[in-house]
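For reference, the chains in residue letters:
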Amino acid sequence: MDRSKHEIAATAARLVVEEGLEYGPAKRRALKDLGLPSRTALPNNDEVESEVRDYIRLFCGDTQPQELEALRLLALEWMERMAAFRPHVGGAVWHGTATRLSDIYIQLFCDDSKSAEIALIDHNVDYEPRMVTGFHGEQVEALSVHAICRPLGEEVGVHLLVYDLDDLRGALKRDAQGRTPRGDLAALRRLMAQDKGSEDESGT
């Protein structure tokens, strides 16, 4: 990265961790905070994520692992509740960069686009429907819920993004770093078990 991109990525990373911003808004805010021209080239999300990991390691190493585990447990709870709709968790919770300010993003792959919404209604779950940007840049419906995360003692935004079943294959295509961008229930459980094993080996 050139100097300006690195400064933007580092500033955006701080905003992501300390204020819970998503990458896009964090990059735009960083550009403004640094007083750079509006047409300045922005770092990509992978570059921001690298800075987020560095920031967490330097400043949040004693708290972030517990916060991540709490969010993953909450994600697991909601994925189990919505298991009929092939839930996959993505974003910071899946990639391991989530903090207590992070929201949870779960993709649902449905035969009928209204079936997930009906399931929430049937279980008397209060939710807010809205449109968000999907993983191909398209607009998809999100059913947003405020869920209590007991270990953190606060509410967390859980966003259930509704996709067609046909979208599932493309959703698992590896990213530029060769990583699976999201995981199902079994994959999340394996990831949590691996993290627990690593903690046990390190004596933490």
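Just so we're clear, the structure is a prediction, and the values are computed from it rather than from any experiment.

**Some remarks on the overall build of the protein chain**
When its secondary structure is counted, the protein chain shows eight helices and six strands. For the protein chain, the succession of helices and strands along the chain, N to C, is α-α-α-α-β-α-β-α-β-β-β-α-β-α. The C-alpha atoms of the protein chain give a radius of gyration of 18 Å, which matches the 17 Å a tight globule of 204 residues would have. Viewed in the frame of its principal axes, the protein chain has a C-alpha envelope of about 50 × 45 × 35 Å. Across the 204 residues that make up the protein chain, the buried fraction comes to 42%. For the protein chain, long-range pairs separated by at least 24 residues make up 62% of all intrachain contacts whose partners lie at least 6 apart in sequence. Accessible area of the protein chain: about 11,300 Å², with a carbon and sulfur share of 49%. Treating the 25 positive side-chain charges of the protein chain as one cloud and the 36 negative ones as another, the clouds have centres 4 Å apart.

**Section: the side chain of Thr99**
Tracing the backbone through its elements, the reader meets Thr99 in the loop between helix H5 (91-95) and strand E2 (104-110). Thr99 gets classed as buried once you look at its relative accessible area, which sits at 5%. Not counting the four nearest positions on each side in its chain, Thr99 is found in contact with Val17, Ile56, Gln64, Glu67 and Leu71.

**A word on helix H1 (residues 3-19)**
The end-to-end C-alpha distance of H1 is 24 Å, a good match for the 24 Å that 17 residues give at a rise of 1.5 Å each. All of the buried residues along H1 are Ile8, Ala9, Thr11, Ala12, Ala13, Leu15, Val16 and Val17. In the core, the buried residues of H1 are packed alongside helix H2 (23-33) and helix H3 (45-59).

**Digging into the state of the cysteines**
For the coordinates displayed, the defined rule picks out zero disulfides. Between Cys60, a cysteine without a disulfide, and Cys149, which holds the nearest cysteine sulfur, the sulfur-to-sulfur distance is 17 Å.

**Some remarks on the sheet that holds strand E4 (residues 139-149)**
Across the sheet, six strands lie side by side as E3-E4-E5-E2-E1-E6; this open sheet has mixed pairing. Each end of this open sheet is capped by a strand with a single partner; those strands are strand E3 (128-133) and strand E6 (182-183). As paired strands, strand E1 (residues 88-90) and E2 are joined by three bridges and run antiparallel to one another. Bridge assignment links His88 to a residue of E2, and that residue is Gln107. Set on the sheet, helix H6 (residues 115-122) makes contact with E2, E4 and strand E5 (154-164); between it and E4 the angle comes to about 25°.

**Description of the nonpolar core**
Counting 36 residues, the largest nonpolar core has Trp78, Ile104, Ile106 and Leu160 as the members making the most contacts within it. Of all the elements in the fold, those that place two or more residues in this core are helix H4 (64-81), H5, E2, H6, E4, E5 and helix H8 (185-202). Sort the elements by how many residues they give to this core and H4 lands first, with eight residues. Apart from residues no more than four positions distant in its own chain, Ile104 is found in contact with Leu71, Leu74, Ala75, Val93, Val156, Gly157, Val158 and His159.

The rules we used
Residues numbered from 1 in each chain as written. Predicted model: local features only at pLDDT ≥ 70, side-chain atom pairs only at ≥ 80, totals over all residues. Heavy atoms only, no water. Helix = DSSP H or I, 4+ residues; strand = E, 2+ residues; numbered from the N terminus. Rg over C-alpha atoms; globule rule 2.2 N^0.38 Å. Buried < 20%, exposed > 50% of the residue type's maximum accessible area, 1.4 Å probe, protein only. Contact = heavy atoms within 4.5 Å. Areas by Shrake-Rupley, 256 points an atom, 1.4 Å probe, with all protein chains shown as cover. Lys, Arg positive; Asp, Glu negative; His and termini not counted. Charge placed at Lys NZ, Arg CZ, Asp CG, Glu CD. Expected span 1.5 Å × (residues − 1). Disulfide = S-S within 2.5 Å. Pairing = 2+ DSSP bridges. Axes fitted to C-alpha atoms, helices over the stretch in contact; angles between N-to-C directions. Core = buried A, V, L, I, M, F, W, Y, C linked by side-chain atoms within 4.5 Å.

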